[in-house]
Amino acid sequence: MLSPAMQHTAKAETGQTACPNPVNPAREGAHYRAHLHKLTADLKRLSSIRSQGRRLAVKREVLNEYRAYCESLLSGKHSRNGQDTVLVWCTVWSADVGDISNAIHWLAYALGKGMTAPETFSRSLPEAITETVCNTVLAQNPVDYLPDLQKLAGLVTGLDMCDGISAKLCKARGLALANSDPEQAIHLLGQAQTLRGNIGVRGHLKKLKAGKVMDVNKATLKNFDMPTRQAAKVLGISSPTMTKYAALYPNELPYLCIQAGKHKAFRFCKHDIEQFKQRRIHGLAA
């Protein structure tokens, strides 16, 4: 079932509400105006797609076409004052397709410039991005997203957000920290339960308070500095294939297994991954 934020996104994209256009394109530069024109066409294209899976595929496709524009804003090559509808929608779409790091990166810029959610959204931009990010993280391995979650928390802490979304963020961060910082994890999961009693953290809190977690110190985590999805990307393989490689080549790909709630997360050493990649290139590994 779609969350409220996702429902409003879908309504805007499927033509149930008017396409957002909070700025007057006539007063904007040609660079922005051209991308805003393309955005209108892409929103119309998305409005004709009923399949959620197909809609996500199209978002991934068009995001690549806006990436240079968005990065030009962040680098200072181009500058705009106030709302940038193109950047805002790209931030929303990045979160939708699971490009978490990019969504948070662009959100930081948007918030710094005082940008807001598309006018068809009933929730704020921080709420929309935070909820979508947390839904993705909680469905996977929170440990793999710890740096992203900490950055997101730094952006939205203190902002006025509904309790349910704040609770999701506390839960995601708590599960990500369950092994590396149990004390902080207990604090965050407790906050999540206070904000939303049915957020689903009672079992995790019970285990943490009973000390039923791996003893993984910060030095060990520092050595195993690469999550599965990042290691897989370096090797050009999928995450499931990465875990299979780790099982097949334990001496070449040592890993750390961390239990985060009901999920297991694996972490690798960057040095080991790079060496394994070189051996594959030269035919010395599978």
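Because the structure is a prediction, the values reported are computed rather than measured. (Residues numbered from 1 in each chain as written. Predicted model: local features only at pLDDT ≥ 70, side-chain atom pairs only at ≥ 80, totals over all residues. Heavy atoms only, no water.)

A count of helices and strands for the protein gives 14 helices and three strands. The 286 residues of the protein split such that 46% are buried. In the protein, of all internal contacts separated by at least 6 residues, the share reaching a separation of at least 24 is 66%. Counting every atom, the protein has about 14100 Å² of accessible surface; 51% of that belongs to carbon and sulfur. (Helix = DSSP H or I, 4+ residues; strand = E, 2+ residues; numbered from the N terminus. Buried < 20%, exposed > 50% of the residue type's maximum accessible area, 1.4 Å probe, protein only. Contact = heavy atoms within 4.5 Å. Areas by Shrake-Rupley, 256 points an atom, 1.4 Å probe, with all protein chains shown as cover.)

This paragraph deals with the nonpolar core. By size, the foremost hydrophobic cluster in this structure holds 62 residues, and its most contacted members are Leu39, Val86, Leu87, Trp93 and Leu125. In contact with Val86, not counting residues within four places along its chain, are Tyr32, His35, Leu36, Leu39, Tyr66 and Tyr69. In this structure, Met226, Met242, Tyr245 and Ile273 belong to the second largest nonpolar core, which totals twelve residues. (Core = buried A, V, L, I, M, F, W, Y, C linked by side-chain atoms within 4.5 Å.)

The geometry of a pair of packed helices is captured by two quantities: the angle between their axes and the separation between those axes. Closest axis-to-axis distance for the helix α5 (residues 100–112)/helix α6 (residues 125–138) pair is 11 Å, and the angle between their directions is 165°. By the criterion of interaxial angle, the relationship of α5 to α6 is roughly antiparallel. Seen from above, α5 lies across α6 with left-handed handedness. Facing α5, whose interface residues are Ile100, Leu107, Ala110 and Leu111, α6 presents Leu125, Pro126, Ile129, Val133 and Thr136. Class assignment for the residues of the contact of α5 with α6 results in eight nonpolar, one polar and no charged. (Axes fitted to C-alpha atoms, helices over the stretch in contact; angles between N-to-C directions. Parallel < 35°, antiparallel > 145°, perpendicular 65-115°, else oblique. Left-handed = near helix turned anticlockwise from the far one by under 90°. Nonpolar A, V, L, I, M, F, W, Y, C, P; charged D, E, K, R; others polar.)

Overall, the coordinates contain nine salt bridges when judged by the stated rule. Between Lys59 and Asp96 there is a salt bridge, and its shortest N-O distance comes to 2.9 Å. One end of the pair, Lys59, is in helix α3 (residues 52–75); the other, Asp96, is in helix α4 (residues 85–96), and 37 residues separate them in sequence. Residue classification places Lys59 among the buried positions, given a relative accessible area of 3%. (Salt bridge = Lys/Arg side-chain N within 4 Å of Asp/Glu carboxyl O.)

It is worth spelling out the confidence of the model for the protein at this point. For the protein, per-residue confidence averages 83 on the pLDDT scale, and 81% of positions sit at 70 or higher. For the stretch residues 14–28, pLDDT sits under 50, and the model shows 31 contacts to residues farther than four places along the chain or on other chains. (pLDDT = per-residue confidence, 0-100.)

Turning to the side chain of His35, a few remarks are in order. Residue placement: His35 occurs in helix α2 (residues 30–47). Taking relative accessible area as the criterion, His35 reaches 18% and is therefore assigned buried. Setting aside residues no more than four positions away along its own chain, His35 makes contact with Tyr66, Tyr69 and Val86.

So, about the environment of Lys151. In this fold, Lys151 is placed in helix α7 (residues 146–156). The spacing of Lys151 and Ser101 is 50 residues in sequence and 9.3 Å in space, taken between C-alpha atoms. Those residues in contact with Lys151 that sit more than four places away from it in its chain are Ile104 and His105.

Before going further, it helps to examine the environment of Ile165. Within the secondary structure, Ile165 is located in helix α8 (residues 163–176). Take Ile165: its relative accessible area is 1%, and that puts it in the buried class. Apart from the residues lying within four places of it in its own chain, the contact partners of Ile165 are Arg123, Glu127, Thr130 and Glu131.

Turning our eyes to something else, we now look at the packing of α7 against α8. At their nearest, the axes of α7 and α8 sit 10 Å apart, and the two run at 145° to each other. For the crossing formed where α7 meets α8, the hand is left-handed. Along its contact with α7, which presents Leu146, Leu149, Gln150, Leu152, Ala153 and Val156, the element α8 presents Leu169, Ala172, Arg173 and Ala176. In terms of residue class, the contact of α7 with α8 is built from eight nonpolar, one polar and one charged.

The next point concerns the packing of aromatic side chains. Applying the stated criterion across every chain yields a total of eight aromatic pairs. Where Trp89 meets Trp93, the ring centres are 5.8 Å apart and the plane angle is 50°; that geometry is what we call tilted. Residue Trp89 and its partner Trp93 are both found in helix α4; the two are separated by four residues, about one turn of the helix. For Trp93, a relative accessible area of 0% corresponds to the buried category. Where Tyr249 meets Phe276, the ring centres are 5.6 Å apart and the plane angle is 50°; that geometry is what we call tilted. Of this pair, Tyr249 sits in the loop between α13 (239–248) and β2 (255–260) while Phe276 sits in helix α14 (residues 270–281), placing them 27 residues apart in sequence. Among the residues examined, Phe276 registers a relative accessible area of 0% and is labelled buried. Here a set of aromatic residues connected by ring pairs shows up, and it is made of Tyr66, Trp89, Trp93 and Phe121. (Phe/Tyr/Trp six-rings, centres within 6.5 Å; stacked < 30°, edge-to-face > 60°.)

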